[in-house]
Amino acid sequence: MEREKLEFDVLFVGAGPANLAGAIHLKKLAQQKGKEIEVCLIEKAESIGAHSLSGAVLDPKALKELMPDYLEKGCPIEATDLRDGFFYLTASGQFKLPYTPRYMHNAGCCIISLSKLCAWLGTVAEELGINVFPGFAGTEALYDESGKRVIGVRTGDKGLNKDGKQKSTFEPGVDLLANVTVFGEGPKGSLMREVAQKIGIFAGKMPPVFETAVKEVIEIPSESPFLKSPDTVLHTFGYPLGLNTKGGGFVYRMKENRVSLGLVVGMDYEDPMLEPYQEFLRFKKHPLIADIIRGGKVLQQGAKTLSAGGFYTMPQLAVDGALFVGDSASMQNVQRLKGIHTAMKSGMLAAEAILSAIEKNDFSMATLREYALKVDASWIKTELYEARNFGQALSQKGLSKFITVGAQYVSGGRGFVDPLKIVDDATTMKAGSLMAATNVQDLDGKLYLDKLTGVYWSGVKHEEDQPCHLVIPDPNLCVTRCWDTFRSPCARFCPGQVYEMVQEEGGRRRLKLTPSNCLHCKTCEIKDPFKNIIWTCPEGGGGPNYSIV
Ligand SMILES: Cc1cc2nc3c(=O)[nH]c(=O)nc-3n(C[C@H](O)[C@H](O)[C@H](O)COP(=O)(O)OP(=O)(O)OC[C@H]3O[C@@H](n4cnc5c(N)ncnc54)[C@H](O)[C@@H]3O)c2cc1C
């Protein structure tokens, strides 16, 4: 098929904080040097920010470096003057820790909605003359004839029906060509997977690992005591996950009587019957949280994964013609529960390396490696290095996790063993009791939502008549080994109710997919114990429609 080709100097794939900061910094630096460069930024969401979901406590240090006058420029901030409360939850009560670990201090940070921040950065990028194209999913990385040098990205075809045949609305994808392509797809990027297979950027590293979070923004009554409470940023551990499953909850006070609330679950959990969405509901029903949100209503819900592997899972950061930034490159600081600032800084360092490559007119790995050197010399490395064993410590069972965390705390992250091993999330599930836990009851459709109502409040929308973007290489395995051993855990770990095991007449089981519910969190590809689910980008413009989470 003849495809249109568009050429740019630099192409950024994915408009999260990493690439938005990268594109803006690059364009500004080029303008300061009087250089005209064509920069393109594509995003699979219908609008910039619509697939962005985070906590979020923002450490503004990268934002300040990018735009010292960010407040005057109208950056959307929800709250400043943050005060931390750190709680251990039992099933019916809580203990407030008298001491907050140093890396959990949030003084000087602010609360934001990532979808609002990205939408705002998107307008800044457009004003600078960056070609911002929302609604375009990168579906294929393009290489030169050597097969090792990235030369751009192909965007997905639009207007194919379920069988892959062209509809009257058909528009072929476009080949976006660039001297440098920056991959900022966030956690578990689908193009990253392909580049990794081809160029081996994760070779010799520990496996990237992830956490999945369900979160909501809830409007609470103006008389709610939480609006006057001394703590504005709450972090919890313990109930409902217990001490053998990594994860915890958060509640952040926003403006306009809103709270941002969520539960993060480590994807290395072992129990196939665990359902992150049900755990999230349990968290909301805990007395500490239920008191905060009583009388409120959910304004928006969503789910997303976080890159949780950190320093020892970071890929090679540069190859011929391409760079990898933010969560795509495992740069979330899991110890601080923060990745926006590191993502932004990585994009900015990539921009600086790209500008010197443009000046040298050399886009080889040897030149682009300047980015990796810059990361190494920056505060990204300092932060991630101290946190290098933290996620692994939290993966330990029971009390040994606290002993290990304590040892790391006093030894700058080293602990007893360095590096501590990281295990692929897809391999941790254990066949055991296959009795389903009772689902949380008393859902009112307003404050406590069932999964499908939650999907509705994420604004998710996809063209129904398109090829299924979830590829199951061996459907038979779903109804045989996967059912027998784990009772189809995809039906539980997916927060969007995309997967259901149904029984047809005659007793035959069949995995029913509803891909139009997909929240693009990619938990399915991460956690499927048989690696039998491959997540690919659906038609550009489809997916959730976040605006305040
Ligand atoms: C529930 C939750 C709470 C969090 N809390 C905090 C917090 O309090 N503080 C903090 O600092 N960090 C927090 N984080 C982490 C933080 O959100 C991430 O580290 C950060 O967003 C990473 O930025 P990124 O630009 O690398 O990726 P992302 O923000 O994931 O952005 C990637 C973008 O690329 C797009 N994309 C992906 N693939 C393609 C493709 N093939 N073609 C086109 N577009 C594509 C996606 O749609 C998305 O918009 C939290 C994360 C979650 C999920």
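Nothing here was measured: the structure is a model prediction, and the numbers come from that model.

K.L.:
What exactly am I supposed to notice about the site of the ligand here?
P.N.:
Around the ligand, a shell composed of 37 residues is seen, among which Glu43, Ser54, Val57, Lys304 and Asp327 lie nearest. A distance of 3.4 Å is found between a nitrogen atom of the ligand and a backbone nitrogen or oxygen belonging to Leu337. Here a nitrogen atom of the ligand sits 2.9 Å away from a polar atom, N or O, in the main chain of Gly339. Counting only elements with at least two residues in the shell around the ligand, the list comes to α1 (17-32), β17 (297-307) and α7 (340-360). Here the residues of the shell around the ligand are counted per class, giving 19 nonpolar, twelve polar and six charged.

K.L.:
Please clarify how the pattern of salt bridges should be interpreted in this entry.
P.N.:
Opposite charge on two side chains permits them to pair, given that their charged atoms come into close proximity. Following the criterion strictly, the structure yields 32 salt bridges and no others. A salt bridge links Glu78 to Lys116; the nearest nitrogen and oxygen atoms lie 2.8 Å apart. Within this pair, whereas Glu78 is found in the loop between α2 (61-66) and β4 (84-89), its partner Lys116 is found in helix α3 (residues 114-127), the two being separated by 38 residues in sequence. Judged by relative accessible area, which is 8%, Glu78 ranks as buried. Using a relative accessible area of 24% as the deciding quantity, one classes Lys116 as partly exposed. Overlapping salt bridges, with partners in common, bring together Lys5, Glu140, Arg154 and Asp175 in one network.

K.L.:
Hey, could you run me through the sheet that holds β17 in this one?
P.N.:
Hydrogen bonds between backbone groups are what pair the strands of a sheet, and the pairing can be parallel or antiparallel. Taken in spatial order, the seven strands make up an open sheet running β5-β4-β14-β15-β16-β13-β17, and their pairing is mixed. Only two strands of the sheet have a single partner each, and these edge strands are β5 (94-96) and β17. Looking at each pair of strands side by side, their axes are set apart by 20° on average, direction ignored. Two strands pair when backbone bridges link them, and β4 and β5 are joined in this way by three bridges, in the antiparallel orientation. Counterpart to Tyr88 in the pairing with β5 is Phe95. Across the face of the sheet, helix α5 (residues 276-285) comes into contact with β4, β13 (210-219), β14 (233-238), β15 (247-253), β16 (258-266) and β17 while running at roughly 135° to β16.

Conventions adopted
Residues numbered from 1 in each chain as written. Predicted model: local features only at pLDDT ≥ 70, side-chain atom pairs only at ≥ 80, totals over all residues. Heavy atoms only, no water. Near = heavy atom within 4 Å. Polar contact = N/O pair within 3.5 Å; in protein donor to acceptor, adjacent residues only side chain to side chain. Helix = DSSP H or I, 4+ residues; strand = E, 2+ residues; numbered from the N terminus. Nonpolar A, V, L, I, M, F, W, Y, C, P; charged D, E, K, R; others polar. Salt bridge = Lys/Arg side-chain N within 4 Å of Asp/Glu carboxyl O. Buried < 20%, exposed > 50% of the residue type's maximum accessible area, 1.4 Å probe, protein only. Pairing = 2+ DSSP bridges. Axes fitted to C-alpha atoms, helices over the stretch in contact; angles between N-to-C directions. Contact = heavy atoms within 4.5 Å.

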